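Secondary and tertiary structure notes
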Amino acid sequence: MASSSRVLNRLAGPARQLGTRTNAPAATFTTTSCSRHLTSRSALVAKPRTRATAIPRQFTRSYADAPPTPAKTPVKKPRRIRTTFRWLWRATYLSLLTGVGFVIYDGYTDRNPEEQFAPDPTKKTLVVLGTGWGSVAFLKKLDTSNYNVIVISPRNYFLFTPLLPSCTTGNIEHRSIMEPVRQILRHKKAHAKFYEAEATRVDVEKKVIKITDNSDIKGKVHETEVPYDMLVVGVGAENATFGIPGVREHSCFLKEIRDAQAIRTKIMDCVETAAFKDQAPEEVDRLLHMVVVGGGPTGVEFAGELRDFFDDDIQKLIPDIAPRFKVTLIEALPNVLPMFSKQLIDYTESTFKEEHINILTKTMVKKVTDRTVEAEITGPDGKKSSITIPYGLLVWATGNTLRPIVKDLMAQIPAQKDSRRGLAVNEYLVVQGSRDIWAVGDCAVAGYAPTAQVASQEGAFLARLFNNMAKTQDLEQKIHDLSTGLNLKPGDTAAETQEIAGLEKQLRRIKDIKPFHYSHQGSLAYIGSEKAVADVAWLNGNVASGGKLTYLFWRSAYLSMCFSTRNRVLVALDWIKAKLYGRDISRE
Ligand SMILES: Cc1cc2nc3c(=O)[nH]c(=O)nc-3n(C[C@H](O)[C@H](O)[C@H](O)COP(=O)(O)OP(=O)(O)OC[C@H]3O[C@@H](n4cnc5c(N)ncnc54)[C@H](O)[C@@H]3O)c2cc1C
């Protein structure tokens, strides 16, 4: 509408001029005649041309006297630019409108899910332990109408761990990366039960699970048993401390939401204590020294986020102490990010140097006290020396170890006695040596790295397997019923025989499920100063890249991986908010 009226005005301009100068019958360009001829641009343009015959000589001469217009009109270029911009604007406008429409629709369907039906009590009871990457990927793809599904986890939400380091500095608010598990279950076809509890023991003989409510508020019953026919274990892993004294007591871990909240509070506590009146300089240095142990993606991302926080926000708000802020990253191996290519490792290390993040490689932590880290450092000549590092905040991000429930389960299954890093599973994710138990994610050992990518692919694969198993049982039952009918009712059985043949063909196809195969999509890590590194699988090879563009890719990749549109919107809004107003430095 707006553009057509603009076209009309542009054309009406010279027309009005024509009318006044020539005293030609004004009716030609009166509003009514215009509106009558508004149907197309050519119709409007044609009008003045036909009227030109009625224009007096003097007027026409003034045009004729003008220098001849060159064949190549210079007006063309700006017009093309204007058209491009107009189309760009229209495309942006349309995409924005579609985006808003989609978000509204998604919010509506999220809040108004379809009716669920109660599961058939004669079907098998399937218990799922955990609400992490593996279990939630499994639940998302599982057809819950085939089983009586029970989910047990001490956490009633799914956590998007890759963005957890951003929560420690307030770049992202923690609720933006959480998705309530009841919301996920409410969108399944058939109802599934959820118990917020910790599974403390699986009795593989009796096929029962002992569960305990470990929350602050406990009812009269806070311990009970849940029987199962089939069990999927997706309990993840715990933080490894390697038995180093003082780690559990004095350091912060970075695995759960409460860890990120504790770190955020401690950072600000250190800053405010360092800014306290008459604080001794060496104490200010200690308080503002943040030490990160573990040079994997979690440790590197956290170090980068910390540096950004100080450079972008603390420096502006508390400039007198900001120059004394220091980050040290300790790694036992010869370099950080061992899963990345050599060039990206070098790029990360040089970026850290620019950001004044101190990297101590080949350094083993031996002891942690409430104020210092004692470590042994191996020099380039192979000589070992001891160092004591004073710290204000210590974050421990070194790797995984088994949860007690997994250890206990392994102890009950003789075939698991040689497994050290978790439940050994076969290529169909069946726990070796067990009956009706499967495992996914960090608690399972299938020969892959403990990552969210592996866990979610395993969960999705297992759901397909379970859906197929249910279909197989249904088909086998149908074939059995039809065959029994054939024996009882002799006569013309051509139709039944044909149906049985069709069902058997279907059954063979369903039973032919391929074993689990992990497809690596690549590795990504944020390294601070709006730079990221990426080793991405491309065709049959790998593409390695680092820098600001990779950072945009990192952001878009994580945004697209978020669990729901709601999470995506919240994370995007948090990023915008932090960019516009800075991170919130108030201490909770
Ligand atoms: C800070 C951080 C950043 C990361 N970034 C990335 C990344 O960028 N890319 C990537 O691929 N991977 C990343 N990872 C690794 C990834 O998060 C894990 O590999 C993944 O979470 C493993 O999934 P899981 O389902 O096995 O376990 P988790 O996701 O850890 O889930 C375990 C679940 O089991 C529950 N549970 C625990 N004990 C019990 C019990 N006794 N009974 C019942 N339930 C129990 C827990 O509450 C939880 O719900 C990151 C990890 C962290 C900590």
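Before reading on, note that the structure itself is shown above.
Residues numbered from 1 in each chain as written. Predicted model: local features only at pLDDT ≥ 70, side-chain atom pairs only at ≥ 80, totals over all residues.

**Structural notes on helix H6 (residues 133-141)**
Among the nine residues of H6, seven are classified as buried, and the element is accordingly described as predominantly covered. Those residues of H6 that sit buried are Trp133, Gly134, Ser135, Val136, Ala137, Phe138 and Leu139. (Buried ≥ 20, exposed ≤ 12 C-beta atoms within 10 Å, placed from the backbone. Helix = DSSP H or I, 4+ residues; strand = E, 2+ residues; numbered from the N terminus.)

**Details of the site of the ligand**
Around the ligand, 34 residues are found, and the nearest of them are Gly130, Gly132, Gly236, Gly441 and Thr451. Going through the elements one at a time, H6, strand E2 (148-153), helix H7 (164-167), strand E6 (198-203), helix H12 (297-317) and helix H15 (452-488) are the ones with two or more residues in the shell around the ligand. Residues that form the shell around the ligand fall into these classes: 16 nonpolar, 13 polar and five charged. (Near = placed C-beta within 6 Å. Nonpolar A, V, L, I, M, F, W, Y, C, P; charged D, E, K, R; others polar.)

**A word on the sheet that holds strand E8 (residues 223-227)**
With antiparallel pairing, the three strands of this open sheet are ordered in space as E6-E7-E8. Pairing within the sheet leaves two strands with one partner each, and these edge strands are E6 and E8. Across the sheet, the axes of successive neighbouring strands diverge by a mean angle of 25°, strand direction being ignored. In this sheet, strand E7 (residues 208-212) lies alongside E6 in antiparallel orientation, the contact comprising five bridges. By the bridge assignment, valine 202 is partnered in E7 with isoleucine 209. (Pairing = 2+ DSSP bridges. Axes fitted to C-alpha atoms, helices over the stretch in contact; angles between N-to-C directions.)

**Examining the nonpolar core**
Val127, Ile152, Val292, Leu423 and Ala439 are the most contacted members of the largest nonpolar core, which totals 118 residues. Contact partners of leucine 423, with chain neighbours within four places excluded, come to Val233, Val406, Leu409, Met410, Gln416, Val431, Ala439, Cys443, Ala444 and Val445. (Core = buried A, V, L, I, M, F, W, Y, C linked by C-beta atoms within 7 Å. Contact = placed C-beta atoms within 7 Å.)

**What about the environment of tyrosine 147?**
Take tyrosine 147: it is sitting in the loop between H6 and E2. Among all residues touching tyrosine 147, those that are not within four sequence positions of it are Lys123, Lys124 and Leu126.

**With respect to the sheet that holds strand E25 (residues 541-547)**
Here we have three strands laid out as an open sheet, ordered E23-E24-E25, and antiparallel in their pairing. A single partner strand is all that each edge strand has here, and the edge strands are strand E23 (522-528) and E25. Sheet twist, expressed as the mean angle between neighbouring strand axes with direction ignored, is 10°. Bridge analysis of strand E24 (residues 531-538) against E25 gives seven bridges, and the strand direction is antiparallel. The residue bridging tryptophan 538 from the neighbouring strand is glycine 541, located in E25.

**Concerning the pairing of E7**
Of the two faces of E7, only one is covered, namely that formed by Ile209 and Ile211; the face formed by Val208, Lys210 and Thr212 stays uncovered. Counted along the chain from E6 to the antiparallel partner E7, the turn is four residues long, and its residue lysine 207 has a positive phi close to 60°. Pairing analysis gives five bridges linking E7 to E8, with the strands arranged antiparallel. What sits directly across from lysine 210, in E8, is glutamate 225.

**Re the environment of serine 483**
Mapping serine 483 onto the fold places it in helix H15. In this structure the C-alpha to C-alpha distance between serine 483 and isoleucine 500, which are 17 residues apart in sequence, comes to 7.6 Å.

**What about helix H13 (residues 342-354)?**
With 13 residues, H13 extends 19 Å between its outermost C-alpha atoms, agreeing within 8% with the 18 Å of an ideal straight helix rising 1.5 Å per residue. Elements that come into contact with the buried residues of H13 comprise H12, strand E14 (357-360), E23, E24 and E25. The positive-phi residue at the C-terminal boundary of H13 is histidine 356, with phi of around 60°. (Expected span 1.5 Å × (residues − 1).)

As far as function goes, none of this settles anything; it's purely spatial.
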